[in-house]
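# Reading the structure
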Amino acid sequence: MELKLQGKRALVTGASSGLGLHFAGVLAGAGAEVTLAARRLAKVEKAAEALTGAGHTAHAIELDVTDPASVSAAFDAAPAYDVVINNAGISGSGAALHMDVAEFERVIDTNLTGVFSVAQAAARGMSEAGGGAIVNIASILGLRVAGHVAAYTASKAAVIQLTKALALEWARHGVRVNALCPGYIETPINADFFDTDAGQALIRRIPQRRLGQLGDLDGPLLLLASDASSYMTGSVVAVDGGHLVSGL
Ligand code: NAI
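Here the structure is a predicted model, which is why all the values come from computation and not from measurement.

Rules used in this analysis
- Residues numbered from 1 in each chain as written.
- Predicted model: local features only at pLDDT ≥ 70, side-chain atom pairs only at ≥ 80, totals over all residues.
- Heavy atoms only, no water.
- Near = heavy atom within 4 Å.
- Polar contact = N/O pair within 3.5 Å; in protein donor to acceptor, adjacent residues only side chain to side chain.
- Areas by Shrake-Rupley, 256 points an atom, 1.4 Å probe, with all protein chains shown as cover.
- 1 Å grid on protein atoms, 1.4 Å probe; cavity = no way out; pocket = protein on both sides within 12 Å on 5 of 7 lines; lining within 4 Å.
- Sits in = over half its atoms within 2 Å of the grid points.
- Pairing = 2+ DSSP bridges.
- Helix = DSSP H or I, 4+ residues; strand = E, 2+ residues; numbered from the N terminus.
- Axes fitted to C-alpha atoms, helices over the stretch in contact; angles between N-to-C directions.
- Contact = heavy atoms within 4.5 Å.
- Core = buried A, V, L, I, M, F, W, Y, C linked by side-chain atoms within 4.5 Å.
- Buried < 20%, exposed > 50% of the residue type's maximum accessible area, 1.4 Å probe, protein only.
- Right-handed = clockwise from strand over helix to strand, strands pointing away.
- Parallel < 35°, antiparallel > 145°, perpendicular 65-115°, else oblique.
- Left-handed = near helix turned anticlockwise from the far one by under 90°.
- Nonpolar A, V, L, I, M, F, W, Y, C, P; charged D, E, K, R; others polar.
- Expected span 1.5 Å × (residues − 1).

Our next topic: the site of the ligand. Contacts to the ligand come from 25 residues, most closely from Ser16, Leu19, Asp64, Asn87 and Tyr152. At 2.9 Å, a side-chain N or O of Asp64 approaches a nitrogen atom of the ligand. When the ligand is considered free in solution it has 820 Å² of accessible area, and contact with the protein chains removes 88% of it. In a pocket analysis with a 2 Å cut-off to the grid points, the ligand is assigned to the largest pocket.

Spatially, β3-β2-β1-β4-β5-β6-β7 is the arrangement adopted by the 7 strands of the open sheet, whose pairing is parallel. The open sheet terminates on both sides in strands that have one partner only, identified here as β3 (58–62) and β7 (236–239). Recorded for the sheet is a direction-independent mean angle of 20° between the axes of neighbouring strands. Pairing analysis gives 4 bridges linking strand β4 (residues 83–86) to strand β5 (residues 132–137), with the strands arranged parallel. Considered in β5, the bridge of Val83 is made with Ala133. Contacting β1 (9–13), β4, β5 and β6 (175–182), helix α4 (residues 101–129) crosses the sheet at an angle of about 175° to β4.

Counting 33 residues, the largest nonpolar core has Phe23, Leu27, Leu36, Ile85 and Leu180 as its most contacted members. Among the elements that take part in this core, helix α1 (residues 18–29) stands out by supplying 6 residues, more than any other. Contact partners of Leu27, with chain neighbours within four places excluded, come to Leu5, Ala10, Val12, Ala32, Val34, Ile85, Leu221, Leu222 and Ala225. Membership of the second largest hydrophobic core comes to 30 residues, among which are Ala74, Phe75, Val115 and Trp170.

Taken across its 8 residues, β6 has 8 buried, putting it largely inside the fold. The pairing of β5 with β6 spans 6 bridges and is parallel. Note on β6: the bridge partner recorded for Val135 is Asn178. Note on the crossover from β5 through helix α5 (residues 150–170) to β6: the handedness is right-handed. Here β6 pairs with β7 via 4 bridges, running parallel. In the strand pairing of β7, Ala179 is matched with Val236.

At a closest axis distance of 9 Å, the pairing of α4 and α5 adopts a crossing angle of 15°. What the angle tells us is that α4 and α5 run roughly parallel. Here α4 and α5 pass one another in a crossing that is right-handed. Only Ala151, Tyr152, Ser155, Lys156, Ala158, Val159, Leu162, Leu166 and Trp170 of α5 make contact with α4, whose side of the interface consists of Phe104, Val107, Ile108, Asn111, Leu112, Val115, Phe116, Ala119, Gln120 and Ala123. Along the lines of polarity and charge, the residues of the contact of α4 with α5 split into 15 nonpolar, 3 polar and 1 charged.

Before going further, it helps to spend a moment on α5. With 21 residues, α5 should reach 30 Å at 1.5 Å per residue; the first-to-last C-alpha distance of 30 Å fits that figure. Of the surrounding elements, those touching the buried residues of α5 are α4, β5, β6 and β7.

What follows is the structure in structure tokens.
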């Protein structure tokens with residue numbers, strides 16, 4: 001079974017930067033017609049133009065996953081997607097003792113409620129069209145904890161449980177829901193941290209002794225998005241160089 005997406009329509013949330021932008025390119029490269037969704041329309045329009053210029057089929061739409069009207073508009077305007085990557089997320093770091101409840105709620109709104117709203121809108125279309133695949137981007141911080149990211153770890157743990165609950169309910173509609181849990185992936189935003197002593201110490205705790213690169217996610221993403229995983233739903237796939245199994 002090939003990890004190909006020819007003839008499939010895919011949507012990626014939070015596609016203006018980082019993993020989401022990369023995922024849009026990976027899906028397009030596998031043959032999907034890709035819609036890049038983000039709050040900043042100009043940024044995703046530029047990215048979609050670049051993909052189109054490279055010979056792919058790509059579109060851009062404005063989407064704020066925390067705004068139910070924006071989510072409805074994004075899905076009502078289009079025929080059903082075959083693949084939806086629930087990638088938009090924020091980190092919201094800070095010591096739990098001093099974190100404002102409003103900041104905690106902002107992280108939950110985006111990372112959990114946003115994932116639910118998008119999944120629900122996607123699944124309504126998919127179930128009418130005969131099925132589809134939803135991939136929720138969680139994190140290894142949904143399975144283990146670290147300091148100063150209490151809201152984030154709670155949101156990602158909830159996304160993992162939500163993934164399983166939706167998989168259970170929607171299997172009968174042909175909608176598969178799986179979670180991808182990246183470990184620490186090197187991006188321009190965190191590169192400075194990983195040059196510090198603390199960053200280097202963290203890397204030494206990863207059994208493979210290296211950070212993940214964006215390309216390390218390509219195979220697992222395509223597996224979960226494509227028919228190659230047609231008997232997988234409710235699965236939680238970690239891509240972390242073994243970080244979750246580091247010794248105590
Ligand atoms: P990023 O900050 O580069 O990308 C997040 C994207 O989500 C941005 O495009 C942002 O504009 C968008 N976004 C935020 N709030 C939104 C909203 N309300 N509506 C629509 N879009 C919104 O961060 P990164 O690293 O690319 O993260 C992407 C996903 O991967 C997140 O869910 C994150 O938790 C997850 N992740 C990232 C890891 C990493 O090492 N970078 C590791 C594990 C998980």
